[in-house]
Amino acid sequence: MSFCGLQKRYKHSEVMFRLGFGHVKGLVLCGGEGVRLRPLTYYFQKGMIPIGTKQKPLLEYVVRLLKQNGITDICFLVGYKAEQIRNYFNEGSRFGVRIAYGQDKPEYKGSGGAVLNAYKQAVINAEETLLVYYGDILSNVNLKKMLEQHFDVGADATLALAKGYRIPVGVAELKEGRIEKFVEKPVMDILVGIGMLVLNGSVLKDLEALYGEGEEMDLMGDLLPQLIRNGRLVHGYVTDAFWYDVGSTERYEKLDNNLLAHCLTDS
């Protein structure tokens, strides 16, 4: 299979998700200040930085991916420069989806805090299945297959994983102080999280129990390890689909528009 994987378009309606999976809501994390993308993010919300030859906002690619996979009920968790996102996407009808907004609050810090805050605001609830998507990731991953696996095995959480991660530093093999081998930025045969996570709504109670006022709470760093410790079923969905983290100025500058045109749809 090619580097990009096989891109497929899905014409499944939300009704199919309701019948097969229960109600699935796309939950997009896009409230951060994007410190690693400065100076761009002094002017843009990081999810609104222009991407590809048509210069569409990063979040538009996320919305299109969710819709292609039949997820048309979406919630943006917004904070910094939220007006840019609201003004562009409004209620979502222009994109064939419904978009609601959860406004971040400073007392709920981190990705876990943002999700818990949305739960407190009743923007999401424990009866829904949540497809959590980090808003600085570009991908053509098959979310429908990820959801199918999640429900088939009865998981409480399913994390999207990819192999072949190129680490951003050189790696040395050392013997008695002597470097015997050195590889600059090697591709490692390890599984890494790629910023997509399916959560059963019941897990929101676990998230609530983890909360400490004023403390930062991370979905990957805090919630998933807690679920594993508690014996909850946490699965991995391994994919060879295209994915790209646009989380820093360096990564943004290295973005290959030709590769994007091959791997992603912007229409």
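Each chain has its residues counted from 1, running along the sequence as written. It should be noted that, the model being predicted, local features are given only for residues of pLDDT at least 70 and side-chain atom pairs only at 80 or more, the latter also being counted only at that level, while totals for whole chains, interfaces and linings use all residues. Based on all heavy atoms of the structure, the side-chain values leave hydrogens and waters out of the count.

A look at the overall build of the protein chain
A run of DSSP states H or I qualifies as a helix once it reaches four residues; a run of E qualifies as a strand once it reaches two. Both are numbered from the N-terminal end. The secondary structure content of the protein chain amounts to nine helices and 15 strands. Relative to its full complement of 267 residues, the protein chain shows a buried share of 50%. Here the analysis covers contacts within the protein chain between residues at least 6 apart in sequence; of these, 74% occur between residues at least 24 apart. For accessible areas, the Shrake-Rupley method is used with a probe of radius 1.4 Å. Any residue's cover is judged against the shown protein chains and nothing else. Accessible surface, the protein chain as shown: approximately 13,200 Å² in total, 51% of it carbon and sulfur. Categorising residues by exposure relies on relative accessible area from a 1.4 Å probe, with only protein chains included: less than 20% of the type maximum marks a residue as buried, more than 50% marks it as exposed, and the intermediate range marks it as partly exposed. By definition in these notes, contact holds between two residues if any of their heavy atoms fall within 4.5 Å.

Let's talk about the environment of aspartate 206
Looking at where aspartate 206 falls in the secondary structure, it is placed in helix H6 (residues 203–210). For aspartate 206 and leucine 227, which are 21 residues apart along the polypeptide, the C-alpha to C-alpha distance reads 7.6 Å. Look past the residues within four positions of aspartate 206 in its chain and what remains in contact with it is Leu223, Leu227, Asn230 and Arg232.

Side note on the confidence of the model for the protein chain
Scored by pLDDT, the protein chain has a mean of 84; 90% of the residues are at 70 or more. Within the model, the stretch residues 1–19 combines pLDDT values under 50 with 46 contacts to residues more than four positions away or in other chains. One confidence number per residue, pLDDT, is output by the predictor and ranges from 0 to 100.

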